[in-house]
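Structure at a glance
Residue strings, one per chain:
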Amino acid sequence: MTAPDRTPLSRAFFDRPVLEVAPELLGRTLVRGSEQGPIELRITEVEAYAGQLDPGSHAYRGRTERNASMFGPPGHAYVYFIYGMWFSLNLVCGSEGTASGVLLRAGEVIKGADLARKRRPKARKDHELAQGPARLATALDIDRGLNGIDICAGPGAPLSVLAGTPAPATRILNGPRTGVGGEGATHPWRFWVDGDPTVSPYRAHVPRNRSKTGVQQGA
């Protein structure tokens, strides 16, 4: 079996439409470097968010202090805090100013599992370590301190993405995004590797407050 490609993805990879980038991230290797040691993750599930063209996106109504990182340039991280408890990691793509990004929903920890287990002690099995965006961020120790960092900065960067082993097109499925309501609920912009045990279960949007609809879950 051929080893995953260790070549870092270039900025040009991310400087493309989000619906091209998102499925092509499946099978790539996300590297989280830290003083505690590195963790590497094979990406198995993502969601695309198309900025001001997408009612499900945080950037749909324009630029704010919270979502400023989404507006570029491409190849940077957008990290947000949700429900007062969890962080989620997105990779900014598209031309600067378009505010599109890919939410990393799940992956397989392929290096540094011992460290991930310490951060995710409730995970019963290793395939659950990064099964869902909040679990992924927790396992990799991702918080708002990484918001806006350049993931194409080269060796030593706290976050980077390597070419890995891209998922074959025949194994990539797509469907509605998890937990997105309102006008963006039906966009089939969630992509995942068919049959991979790390992929998170799909859950339709359920309003947290009857007076509010269209809660935005992703970038």
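Check the entry above for the structure.
Residues numbered from 1 in each chain as written. Predicted model: local features only at pLDDT ≥ 70, side-chain atom pairs only at ≥ 80, totals over all residues. Heavy atoms only, no water.

Overview of the environment of Leu173
For clarity, the cut-off: Runs of E in the DSSP output that reach at least two residues are strands. Runs of H or I that reach at least four are helices, and both are numbered from the N terminus. Should any heavy atoms of two residues lie within 4.5 Å, those residues are counted as being in contact.
Along the chain, Leu173 falls in strand β8 (residues 172-175). For Leu173 and Pro188, which are 15 residues apart along the polypeptide, the C-alpha to C-alpha distance reads 9.7 Å. In this view, Leu173 contacts Arg190, Phe191, Trp192 and Asp194; residues no more than four positions away in its chain are not counted.

Some remarks on the packing of aromatic side chains
The line we're drawing: To pair, rings of Phe, Tyr and Trp, with the six-membered ring standing in for Trp, must have centres within 6.5 Å; the planes then decide the type, stacked if under 30 degrees apart, edge-to-face if over 60, and tilted in the middle. Buried residues are those whose accessible area, probed at 1.4 Å on protein chains only, stays under 20% of the maximum for their type, while exposed residues exceed 50% and partly exposed ones sit between those limits. Over a ring means this: the NZ of a Lys or the CZ of an Arg is within 6 Å of the ring centre and within 35 degrees of the ring normal.
Enumeration over the complete set of coordinates arrives at 3 aromatic pairs. Measuring from ring centre to ring centre gives 5.6 Å for Tyr78 and Tyr80, while their planes differ by 35°; the resulting arrangement is tilted. By relative accessible area, Tyr80 is classed as buried at 1%. Note on Phe81 and Phe87: the rings are 4.7 Å apart at their centroids and 35° apart in plane angle, and the pair reads as tilted. Classification of Phe81 by relative accessible area gives partly exposed; the value is 37%. The ring of Phe13 carries the charged tip of Arg16 above its face, separated from the ring centre by 4.7 Å.

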